[in-house]
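Listed below are the residues making up each chain.
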Amino acid sequence: MPVSPAPSKSARPAAPAVHATPVVNPSVRKWVDECVDLCKPDDIYYCNGSIEEREALFDQGVRDGVFIKLNQQKLPGCYLHRSNPNDVARSEHLTFICTPSQDMAGVTNNWIETKAGYAKLLPLFDGSMRGRTMYVIPFVMGPIGSPLAKVGVQLTDSLYVAVSMGLMTRMGDVAWRQLGQSDEFTRCLHSVLDVNPDRRYVCHFPLDNTIWSVGSGYGGNALLGKKCLALRIASFLGQQQGWMAEHMLLMGATAPGGEKTYVAAAFPSACGKTNFAMLIPPKKYRDQGWKITTVGDDIVWMWVDEKSGRVRAINPEAGYFGVVPGTNERTNPNAMAAMGHDAIYTNVALLPDGDVWWEGKTKAPPAECVDWTGQKWTPDSGRKAAHPNSRFTAPARNNPAIDPAWDDPNGVEVAAIVFGGRRSRTVPLVYQAFNWLHGVYLGATMGSETTAAATGAVGVVRRDPMAMLPFIGYNIRDYFVHWMRMRRRMTDCPRIFHVNWFRQDADGNYLWPGFGENMRVLKWIIDRSHGRAYAKETMLGWMPKAGDLDLEGLDISPAQIDALQSVDANEFKAEILSQEELFLKLAGDLPKEFVFQRELLIARL
Ligand code: OXD
Ligand code: MN
């Protein structure tokens, strides 16, 4: 398979060299031709998605210095990528929704008027791929043949992006087959340019089914099938067509008798979605026959099945782009196995024997290594060896706990939806919404302490409705209304819950052990969803009484459980005031149902 030479400064040949058979779909050809005229690449390479192609691209990447081949005995098929240090997280402040009117984007999105958006980026794309190869990447989001599956085509000058899209999506010839002669595909144009934050924009044109991204190679900014298509564009389409695109994991729980329950959960970035989706139950539960399986760890597309009137869901992705710091054999053995072969590590530390390391991988740090920036590192260097937002990219099939239905075009039926943020105080371990509307209010008022997944301050509580604040591709007012209206399509709705694994005591110690022990909370959630667990009515919602949560075998005192579940009315009043921060922004657009829910909550407090 011919792969392009390393980028060179040579003048552009009259016509770019084309490798592999170009597509026959006329709309794709026309659009690719236009983008070639604009970006002026030296070469065009059409990705076919084969294993041989992936290997050849990795080899080329090693020659170009994009990848370092890791120790193949320890990590077969694995490579390390170091990004530009200015390009390590999603750039929310440089992410735009481009629509004719600002009202379509709403108060929580950065907005540029459509024509002005194109006009701003056109000069940046002009000649951006001179001396480079343009990779043409056809991909499908969603299981092949699913009624919700969407085709995208990404054009990029980044080999790292091309290989990563192959791991994260159903990429290659399969997408041309799914598309046929249709012109319904998302047009994704991407160039890393000179990786300069001053020339970095991630622009979405939902009315044109188009995404233009420049200046960044970071996953959330550059793998355009993920946040840009599967959340921002898809949420816009879902609102128009009556389905939902959400920032959620999707897991299956098999009970000892074989009963299977699927649970979707929305946690903000870097708040443990991958860990929860790959949870290994404590020994007692495993001995009883409990098993957790993963459908997805980041994005869910949900619709209401016309026959049953119940919510069904798919994971549009085909791989994981997970946070590595803190991941180890104890906290997430399934993730460790998933990244144990055929994976890309980004911005982790490199050990002398070609293995990788990050903070939290082992108790003791290595005596020395090369840090994520390529500098020599020792434990007394006084800085982190791996970037706090370092990542692994691995195909979903690598996960030993993959759910048998993860690739099922018909999806799985969702029994419960869980919202959760990272909150060191105020918010209890678990409670259940009184009904759908109350659940939507809980999701809409969700707050979480910010993490390294996005550029900006870390650890500040911000309102992150449904964990979707950075991903809603249209006006948040309409998004809330859409959530409420979806209930009308359902005969029976998923039960809605709120969790917080991160509550701390006055000394900063976590009150709940988390990880596999979250199974105990999940078990209550599952039982409540099937209408067979007890709870008490509280000001916030239904809460497990002492004895309703299984704590057997857990080294946790009743006082600790009380502290975990306690609700301090004064602290909660302050919480309600801080929820106003978002609601004031919405002002007259705040759905009246939310005003009503807030009044009820205040009355209960
Ligand atoms: C992610 C994110 O990478 O949410 O999934 O930032
Ligand atoms: Mn995410």
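Residues numbered from 1 in each chain as written. Chains lettered and ligands numbered in written order. Predicted model: local features only at pLDDT ≥ 70, side-chain atom pairs only at ≥ 80, totals over all residues. Heavy atoms only, no water.

So, about the overall build of the protein chain. A tally of helices and strands in the protein chain yields 17 helices and 32 strands. The C-alpha atoms of the protein chain give a radius of gyration of 24 Å, which matches the 25 Å a tight globule of 605 residues would have. Residue burial in the protein chain is summarised as follows: out of 605 residues, 61% are buried. At a minimum sequence separation of 6, the contacts of the protein chain that also span at least 24 residues come to 73%. (Helix = DSSP H or I, 4+ residues; strand = E, 2+ residues; numbered from the N terminus. Rg over C-alpha atoms; globule rule 2.2 N^0.38 Å. Buried < 20%, exposed > 50% of the residue type's maximum accessible area, 1.4 Å probe, protein only. Contact = heavy atoms within 4.5 Å.)

Close inspection of predicted coordinates is inappropriate in any region flagged by low pLDDT. When pLDDT is averaged along the protein chain, the result is 94, and 98% of the positions lie at 70 or above. Confidence drops under a pLDDT of 50 for residues 1–13, and excluding neighbours within four residues, the segment shows 28 contacts in the predicted structure. (pLDDT = per-residue confidence, 0-100.)

A separate point is the site of ligand 1. With respect to spatial proximity, the complete set of residues near ligand 1 consists of Arg-90, Lys-226, Lys-227, His-247, Ser-269, Asp-298, Phe-321, Arg-391, Ala-453 and Phe-471. In the model, an oxygen atom of ligand 1 is placed 2.8 Å from a nitrogen or oxygen of the Arg-90 side chain. For ligand 1, an oxygen atom lies 3.3 Å from a polar atom in the side chain of His-247. Burial of ligand 1 by the protein amounts to 96% of the accessible area it has alone, namely 210 Å². (Near = heavy atom within 4 Å. Polar contact = N/O pair within 3.5 Å; in protein donor to acceptor, adjacent residues only side chain to side chain. Areas by Shrake-Rupley, 256 points an atom, 1.4 Å probe, with all protein chains shown as cover.)

We now examine the sheet that holds strand S20 (residues 344–346). In any sheet, the strands associate via hydrogen bonds between backbone groups, in a parallel or an antiparallel arrangement. Taking strand neighbours across the sheet as the criterion, the five strands line up as S3-S4-S20-S25-S19 in an open arrangement whose pairing is mixed. The open sheet has two free edges, formed respectively by strand S3 (68–69) and strand S19 (319–323), since each of these has just one partner strand. (Pairing = 2+ DSSP bridges.)

Taking 1.5 Å of rise per residue, the 13 residues of helix H17 (residues 592–604) would be expected to cover 18 Å, and the 19 Å separating its terminal C-alpha atoms lies within 8% of that figure. Where H17 is buried, its residues contact helix H12 (436–444), helix H13 (476–486) and helix H16 (569–586). (Expected span 1.5 Å × (residues − 1).)

The next point concerns the coordination of the manganese ion (ligand 2). Geometrically, a metal with four donors at the corners of a regular tetrahedron has ideal angles of 109.5 degrees, and one with six donors at the corners of a regular octahedron has ideal angles of 90 or 180 degrees. Bound to the manganese ion (ligand 2) on the protein side are Lys-227 (NZ), His-247 (NE2) and Asp-298 (OD), at distances that span 2.1 to 2.2 Å. Donor residues for the manganese ion (ligand 2) sit on one chain with the sequence pattern K-x19-H-x50-D. Here Lys-227 is found in helix H8 (residues 225–241), whereas its partner His-247 is found in the loop between strand S13 (244–246) and strand S14 (249–254), with 20 residues between them in sequence. Residue classification places Lys-227 among the buried residues on the basis of a relative accessible area of 4%. (Donors = N, O, S within 2.8 Å, 3.2 Å for Na, K, Ca; no water.)

This part takes up the nonpolar core. Membership of the largest hydrophobic core comes to 116 residues, with the highest contact counts inside it found for Trp-301, Tyr-345 and Trp-483. With residues near it in sequence (within four places) discarded, Trp-483 still touches Met-244, Glu-246, Met-248, Ile-417, Phe-419, Trp-436, Val-440 and Met-466. If you look at the next biggest cluster of nonpolar residues, it comprises 37 residues, including Ala-277, Leu-522, Leu-554 and Leu-564. (Core = buried A, V, L, I, M, F, W, Y, C linked by side-chain atoms within 4.5 Å.)

Here the focus is the packing of aromatic side chains. Counting across every chain of the model gives 30 aromatic pairs. For the pair Trp-31 and Phe-185, a centre-to-centre distance of 5.8 Å together with 65 degrees between the ring planes defines the contact as edge-to-face. One end of the pair, Trp-31, is in helix H1 (residues 26–39); the other, Phe-185, is in the loop between helix H6 (173–179) and strand S10 (186–191), with 154 residues separating them in the sequence. For the pair Trp-31 and Phe-185, one class covers both residues: buried. An aromatic cluster is built from Tyr-441, Tyr-474, Tyr-479, Phe-480, Phe-583 and Phe-594, whose rings are joined through pairwise contacts. The ring of Phe-185 has Arg-187 lying over it, and the distance from NZ or CZ to the ring centre is 4.0 Å. Taking the ring centre of Trp-358 as reference, the NZ or CZ of Lys-361 above it sits at 5.0 Å. (Phe/Tyr/Trp six-rings, centres within 6.5 Å; stacked < 30°, edge-to-face > 60°. Lys NZ or Arg CZ within 6 Å of the ring centre and 35° of its normal.)

So, about the pairing of S10. Here S10 lies mainly inside the structure; six of its six residues are buried. The side-chain alternation of S10 yields two buried faces, one formed by Thr-186, Cys-188 and His-190 and the other by Arg-187, Leu-189 and Ser-191. Where strand S8 (residues 150–156) lies against S10, five bridges are found, and the strand directions are parallel. Following the sheet pairing, Val-153 is matched in S10 by Arg-187. Here S10 pairs with strand S12 (residues 210–214) via five bridges, running parallel. From the neighbouring strand, Cys-188 faces S12, where its bridge partner is Ile-211.

Quick look at H8 now. For H8, built from 17 residues, the straight-helix expectation of 24 Å at 1.5 Å per residue is missed by more than 12%, its first-to-last C-alpha distance being only 19 Å. Taken as a whole, H8 carries its principal kink of about 40 degrees at Ala-234. Burial analysis of H8 places 14 of its 17 residues in the buried class, which makes it a mostly covered element. At the exit of H8 stands Gly-242, carrying a positive phi of roughly 85 degrees. (Bend = angle between axes of the 7 residues up to and from the residue.)

All right, on to the domain arrangement of the protein chain then. Taken as a whole, the protein chain is organised into domain 1 (9–68 + 84–242), domain 2 (246–317 + 403–604) and domain 3 (320–398). With centres defined by C-alpha atoms, the gap from domain 1 to domain 2 works out at 32 Å. In this assembly, 40 residues from domain 1 lie in contact with 37 residues from domain 2. Overall, the association of domain 1 and domain 2 removes approximately 3200 Å² of surface from exposure, summing both partners, and the carbon and sulfur fraction of that is 55%. Looking only at domain 1, the three residues that lose the most surface to domain 2 are Arg-90, Thr-108 and Leu-231, adding up to 18% of its buried area. Taken together, the links from domain 1 to domain 2 amount to six salt bridges. Between Lys-227 and Asp-298 there is a salt bridge whose closest N-O contact spans 2.7 Å. Across the contact surface, domain 1 and domain 2 share 22 residue pairs in polar contact (both at pLDDT 80 or more). Residue assignment for the side of domain 1 that touches domain 2 shows that the elements contributing at least two residues are helix H3 (102–105), strand S7 (133–141) and H8. (Domains from an automatic or database assignment. Buried area = accessible area lost by both parts, 1.4 Å probe. Salt bridge = Lys/Arg side-chain N within 4 Å of Asp/Glu carboxyl O.)

Here the focus is the environment of Ile-233. Along the chain, Ile-233 falls in helix H8. According to the relative accessible area criterion, Ile-233 is buried, its value standing at 1%. A sequence separation of 241 residues divides Ile-233 from Tyr-474, and the C-alpha atoms of the two residues are 8.7 Å apart.

One pass over the structure, following the stated rule, counts 38 salt bridges. Lys-361 is the salt-bridge partner of Asp-355, the closest N and O atoms lying 3.7 Å from each other. Each member of the pair, Asp-355 together with Lys-361, is buried. Each of Lys-226, Lys-227, Lys-273, Asp-298 and Glu-317 takes part in a single network of salt bridges with overlapping partners.

Quick look at the side chain of Thr-445 now. Note on placement: Thr-445 falls in the loop between H12 and strand S28 (447–449). In contact with Thr-445, not counting residues within four places along its chain, are Arg-463, Gln-579 and Phe-583.

As a further point, take a negative patch on the surface. A surface patch of like charges, here negative, comprises Glu-52, Glu-55, Asp-59 and Asp-342. Position of Asp-342 relative to the elements: it lies in the loop between helix H11 (333–338) and S20. (Patch = residues over 30% accessible without salt bridge, like charges linked within 9 Å, V, L, I, M, F, W, Y side chains within 5 Å. Lys, Arg positive; Asp, Glu negative; His and termini not counted. Charge placed at Lys NZ, Arg CZ, Asp CG, Glu CD.)

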